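Coordinate inspection notes
Each chain, letter by letter, is given below.
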Amino acid sequence: METFTWEQIDETSYYDCLLDYSHAELTRLVAERGFKSIHADRLFAALHRGDHDDPTLFDRLQLPKPMLALLNSDDAPKRSPFQRIEAFPSNDGSVKYLYHLPNGAQIESVFMPFKNRNTFCISSQVGCAMGCTFCATGAMGFRKHLSAGEIVGQVLHMRLRHPNPRGQTTRFNVVFMGMGEPLHNLNNVMKTVDLLTDPHGLVLSERDIAVSTSGLVPKIEQMASYKKRPHLMVSIAATNDGNRSSIMPVNRAYNLEKLLACLERYPLRRRERIMLSYVVIAGVNDRDEDIAALLAMSQRFPSMINLIPMNEHELSPGMQEPEEKRLQRMYQTLLDAGAFATIRRSRGRDVAGACGQLTTQYERKAATQKGATPSPGTPV
Ligand code: SF4
């Protein structure tokens, strides 16, 4: 019998996790080992539509025996990018997950139930280079870009555990609002969009996916050039350059005018709006003049404003949630002026809901226990 190996052949990209392969890459990999494209189709579909963690997954696929042997061999790419996963269920119905990567790092994602569709909030990096002062992930600094497999693995993990209210596991929304600046890792984020929308996999629409950026103007321009692109969300957080630079250092490179001019040029599809996220911090950006300036910005292009009350955490001392009365006044002012606006409250507050909070708590606990691995969540 011919011997097959996982060694790299020709120019095919080689990854150590099967979830990193696009359908085209998997097809090439399989073809180079002498198998048919239908076998790659079955493998891709099983990984993305089934439970990639199920040890018997490949046995049910009607694959040639040599291919099955190859997939089950010790040097085969692994099926999951994570070593272990812990779940932290919240009283509000959301569940926060902590994923342990093979290099010892952790990332987070959040399942958020909504009336018609579930939303999965996922991470794109370990840590973040952007340093926003209201954010626990920003305090970690940048550690690593996540691969497409490490990003899509979060979605695949959550969708199987959280079917939507109609029992489906193939209809949901994905938002890149977890750890990291997604546009700093644009190639892997766009590959993830390809993986999630692939006709051989979950066939999600790119309109079911939203990417939130702190305002990396050249990367927004790059994303605008892609035919298949997710919704764009931009974090504003302050209405003048002085304030914005002090809480979002990215503003020193791409100030508000550069950012807004770029958003004016951004090619929107029919009925599409750019989501402007505004973290409301008491006494910092919740004055009447802030809301008037935010309104003026939002009128420069089709937009929707998301007011997000500050989720207080220990890594941003002095940054507090606004009074409810104040928040409602801001919201009403926007509505009265004809803006599309919502208030989005953080989910999972009782389980370290702020982005990066769970990971930083975990790291501190591990450090104080001198290398021990605390396990505060439920292993899943
Ligand atoms: S808010 Fe987003 S971009 Fe800013 S530091 Fe946090 S993760 Fe990074």
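The present account deals with the structure reproduced in this document. (Residues numbered from 1 in each chain as written. Predicted model: local features only at pLDDT ≥ 70, side-chain atom pairs only at ≥ 80, totals over all residues. Heavy atoms only, no water.)

Digging into the side chain of Ser214
Condition: Note on conventions: DSSP H or I runs of at least 4 residues are helices, E runs of at least 2 residues are strands, and numbering of each starts at the N terminus. N or O atoms closer than or at 3.5 Å make up a polar contact, with two conditions inside protein: a donor-capable atom paired with an acceptor-capable one, and, for residues adjacent in sequence, both atoms drawn from side chains. Contacts are assigned to residue pairs that have any heavy atoms within 4.5 Å of one another.
Within the secondary structure layout, Ser214 lies in the loop between strand 8 (209-213) and helix 7 (217-224). Separated by 2.7 Å, the side chains of Ser214 and Glu181 make a polar contact. Ser214 has contacts with Met130, Glu181, Ser235, Arg244, Met248 and Val250, leaving out every residue within four places of it along the chain.

Looking at the pattern of salt bridges
Put simply, the test is: Whenever Lys or Arg places a side-chain nitrogen within 4 Å of a carboxyl oxygen from Asp or Glu, that contact is recorded as a salt bridge.
By the definition in use, this model includes 18 salt bridges. Its salt-bridge partner being Asp54, residue Arg60 comes within 3.2 Å of it at the nearest N-O pair. If you follow the salt bridges from partner to partner, you end up with Glu257, Glu264 and Arg300 in one network.

A short note on the packing of helix 2 (residues 37-49) against helix 5 (residues 148-161)
Where we set the bar: Lines are fitted to the C-alpha atoms to define the axes, a helix being fitted only along its stretch in contact, and any angle between axes, read from their N-to-C directions, falls within 0 to 180 degrees. Any angle from 65 to 115 degrees is called roughly perpendicular, while one under 35 is roughly parallel, one over 145 is roughly antiparallel, and all others are oblique. Residues are sorted three ways: Asp, Glu, Lys and Arg are charged, Ala, Val, Leu, Ile, Met, Phe, Trp, Tyr, Cys and Pro are nonpolar, and all the rest, Gly among them, are polar.
Interaxial distance between helix 2 and helix 5 falls to 9 Å at its minimum, and their mutual angle equals 65 degrees. When the interaxial angle is binned, helix 2 and helix 5 end up roughly perpendicular. Contact with helix 2, carried on its side by Leu47, His48 and Arg49, involves Val152, Leu156 and Arg159 of helix 5 and no other residues of that element. Of the residues contributing to the contact of helix 2 with helix 5, the split by class is three nonpolar, one polar and two charged.

Details of helix 12 (residues 357-368)
So the rule is basically this: A helix's residues, less one, multiplied by 1.5 Å, set its expected span. Type-normalised accessible area, obtained with a 1.4 Å probe on protein chains alone, sets the label of each residue: buried when under 20%, exposed when over 50%, and partly exposed for intermediate values.
For helix 12, spanning 12 residues, the distance from its first C-alpha to its last is 17 Å, which sits close to the expected 16 Å at 1.5 Å a residue. Buried residues of helix 12: Gln357, Leu358, Thr359, Thr360, Tyr362 and Ala366, and no others. Buried residues in helix 12 make contact with strand 1 (84-89), strand 2 (95-100), strand 3 (106-112) and helix 4 (136-140).

Structural notes on the packing of helix 6 (residues 186-197) against helix 7
Note the cut-off: Should the near helix be turned anticlockwise from the far one by less than a right angle, the crossing is left-handed, and should it be turned clockwise, the crossing is right-handed.
Between helix 6 and helix 7, the shortest axis-to-axis distance is 12 Å and the interhelical angle comes to 30 degrees. The angle between the axes of helix 6 and helix 7 places the two elements in the roughly parallel class. Considering how the two elements wind past one another, helix 6 and helix 7 form a crossing that is right-handed. Contacts between helix 6 and helix 7 involve Leu186, Asn187 and Met190 on the former and, on the latter, Lys219, Gln222 and Met223.

Looking at unusual backbone geometry
Residues other than glycine seldom take positive phi values, yet Ala237 does so here, at roughly 65 degrees. Structurally, Ala237 can be placed in the loop between strand 9 (231-235) and helix 8 (241-247). With a relative accessible area of 0%, Ala237 lands in the buried category.

Observations regarding the packing of aromatic side chains
Aromatic ring pairs are defined here through the distance separating the ring centres and the angle between the ring planes. Quick note on the threshold: Classification of ring pairs uses Phe, Tyr and Trp, with its six-membered ring standing for Trp, and accepts pairs whose centres are within 6.5 Å; under 30 degrees between planes counts as stacked, over 60 as edge-to-face, and the remaining range as tilted.
Overall, the coordinates contain five aromatic pairs when judged by the stated rule. On the basis of an interplanar angle of 80 degrees and a centroid distance of 4.9 Å, the ring pair of Tyr15 and Tyr21 is categorised as edge-to-face. Classification of Tyr15 by relative accessible area gives partly exposed; the value is 22%.

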